[in-house]
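Examination of the molecular architecture
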Amino acid sequence: MGAVVSRVRAALMETVALLDEVVVIDSDSTDATYDVAVDAGATVHRSCDIRPDLGSFPGKGEAMWKSLFVTTGDVVVFMDADLQDWDTHFVPGLLGPLLSDPGVELVKGYYERPGGHGALDGGRVTELVARPLIALLHPELAGLVQPLAGEWAVRRDLFASLSVPTGYGVELAALVDTAVGRGTGAIAQVDLGTRSHRHQALLDLGGMAVQVLAASLARRGVNVVDPPLLEQFPAGLKPVKRSVDIVERPPAREVW
Ligand SMILES: O=c1ccn([C@@H]2O[C@H](COP(=O)(O)OP(=O)(O)O)[C@@H](O)[C@H]2O)c(=O)[nH]1
Ligand SMILES: O=C(O)[C@@H](COP(=O)(O)O)O[C@H]1O[C@H](CO)[C@@H](O)[C@H](O)[C@H]1O
């Protein structure tokens, strides 16, 4: 994460004054994330410290929702912190359509995702959950190459108008709701080349899959168990049970 911050700052704040701020929302990490981000030059906030009156939930979407309360730009670019193969052109690539076409309000990055089995190896939840969901329930999004890409950009006023899943459902929810509220013409996608990241273990992606599914089903009026209890069997018949948060935050503009 330090390299993402320091390289973006150097290229896009110090060398070219494209960005106004680089902000890291520390999702209440227990490692050195906070200090690494500060040392790399980011403005850093702990998610739980932002608007404590609104409480705090774990998760990626929560961090992104709370970022709206501590950032100022009319356009926001989101980037995952666990990137390995990437480059700073991701940011201007994502900003391009937003700065050149007022009709575009959300831009998704796409890329080859090389892994152990070749150039298109990455994206287990994308290929086994998100893309089938899109085929079944959200065909208007079928043209998106990487619907779950963590590298995307959005106009602040749009993102602040959306209900935001506090977990990993944030990406798909934003796409579905933008297509409904602003039309698919408001969504663009840009080829960013190649991107690899730190991979979670397969069973850890089970929680992510539940959250992506919950965000999709909620937007098609399907009532689900809340909170869902995910039972997995990593070793024989003894299950490991985990309750998965599928909480959604209201549009940030409603609680500024
Ligand atoms: O509770 C969380 C989980 C994830 N993330 C961010 O979301 C990115 C992607 O999450 P993760 O690495 O867990 O998913 P994966 O990259 O395996 O899809 C991370 O790099 C973090 O930047 C976060 O801010 N809070
Ligand atoms: O695309 C996917 O299936 C998952 C997991 O990727 P891998 O199977 O570990 O390559 O990663 C995506 O989803 C996450 C949740 O939305 C995003 O945070 C990641 O940026 C995105 O790559």
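Note that residues are indexed from 1 along each chain, following the sequence as it is written. Lettering for chains starts from A, numbering for ligands starts from 1, and both go in the order in which the items are written. Under the rules for a predicted model, residues below a pLDDT of 70 receive no local features and side-chain atom pairs below 80 are neither given nor counted, while totals for whole chains, interfaces and linings still include all residues. With hydrogens and water excluded, all non-hydrogen atoms of the structure serve as input to the side-chain values.

Side note on the sheet that holds strand β5 (residues 106-112)
How we decide: Pairing between strands is defined by DSSP: at least two bridges between the two strands are required. Only DSSP runs of H or I reaching four residues or more are called helices, and only runs of E reaching two or more are called strands; each is numbered from the N terminus. Fitted lines through C-alpha atoms give the axes, limited to the stretch in contact for helices. The angle between two N-to-C directions lies from 0 to 180 degrees. For this analysis, residues touch if any pair of their heavy atoms sits within 4.5 Å.
Spatially, four strands are ordered β3-β6-β5-β8 in an open sheet, and the strand pairing comes out mixed. At either margin of the open sheet sits one strand with a lone partner, and together these are β3 (75-78) and β8 (187-194). On average, each strand axis in the sheet is tilted by 20° relative to the strand beside it, whichever way the strands run. Contacting β3, β5, β6 (152-155) and β8, helix α4 (residues 90-100) crosses the sheet at an angle of about 160° to β8.

Side note on the site of ligand 2
Rule in force here: Neighbouring residues are identified by heavy atoms, a residue being near a molecule or strand if any of them is within 4 Å of it. Polar contacts here mean pairs of N or O atoms no more than 3.5 Å apart (in protein, one a potential hydrogen donor and the other a potential acceptor; neighbouring residues in sequence count only if both atoms are side-chain atoms). Accessible surface is estimated by sampling points in the Shrake-Rupley manner with a 1.4 Å probe; for residues, cover comes only from the protein chains shown.
Close contacts around ligand 2 come from 17 residues, with K60, D80, R124, V125 and T126 the closest. Within the contact set of ligand 2, an oxygen atom lies 2.8 Å away from a side-chain nitrogen or oxygen of R113. In the environment of ligand 2, an oxygen atom lies 2.7 Å from a nitrogen or oxygen atom belonging to the side chain of E171. Considered on its own, ligand 2 offers 480 Å² of accessible surface; in the complex 96% of this is hidden by protein. Contributions of two or more residues to the shell around ligand 2 are made by α5 (124-137) and α8 (204-218). Ranked by the residues each element gives to the shell around ligand 2, the list is headed by α5, at three residues.

What to know about the pairing of strand β1 (residues 23-26)
The condition that has to hold: Convention used here: a crossover is right-handed provided that the path from the first strand, over the helix, to the second strand proceeds clockwise when the strands point away from the viewer.
Pairing between β1 and strand β2 (residues 43-46): four bridges, direction parallel. The residue of β2 that forms the bridge with D26 is R46. Note on the crossover from β1 through helix α2 (residues 33-39) to β2: the handedness is right-handed.

Quick notes on unusual backbone geometry
This is how the line gets drawn: The classification of residues rests on relative accessible area computed with a 1.4 Å probe and restricted to protein chains. Under 20% of the type maximum is buried, over 50% is exposed, and intermediate values are partly exposed.
D226 connects to P227 through a cis peptide bond whose omega is 0°. Along the chain, P227 falls in the loop between α8 and β10 (229-235). Non-glycine residue D28 carries a positive phi angle of around 55°. Within the secondary structure, D28 is located in the loop between β1 and α2. A residue is classified by how much of its surface remains accessible, and D28, at 31% relative accessible area, is partly exposed.

Details of the side chain of D26
The topology assignment puts D26 in strand β1. Within polar-contact distance, the side chain of D26 engages the side chain of S29 at 2.7 Å. In contact with D26, not counting residues within four places along its chain, are T33, Y34, V44, H45, R46 and S47.

A short note on the environment of V107
Tracing the backbone shows V107 in strand β5. Accessibility expressed as a relative area gives 0% for V107, which makes it buried. Separated by 125 residues in sequence, V107 and Q232 have C-alpha atoms that sit 35 Å apart. When near neighbours in sequence (up to four residues on either side) are disregarded, V107 contacts L94, P97, L98, W152, A153, A188 and V190.

Some thoughts on the UniProt feature "domain: Glycosyltransferase 2-like" (unreviewed entry) in the protein chain
Note the following rule: UniProt positions are given in the numbering used here, feature names are shortened, and annotations may be inferred rather than shown by experiment.
Summarizing the sequence annotation, UniProt attributes the feature "domain: Glycosyltransferase 2-like" (unreviewed entry) to residues 18-102 in the numbering used throughout. Taken end to end, residues 18-102 is 31% helix and 18% strand, and its first and last C-alpha atoms sit 18 Å apart.

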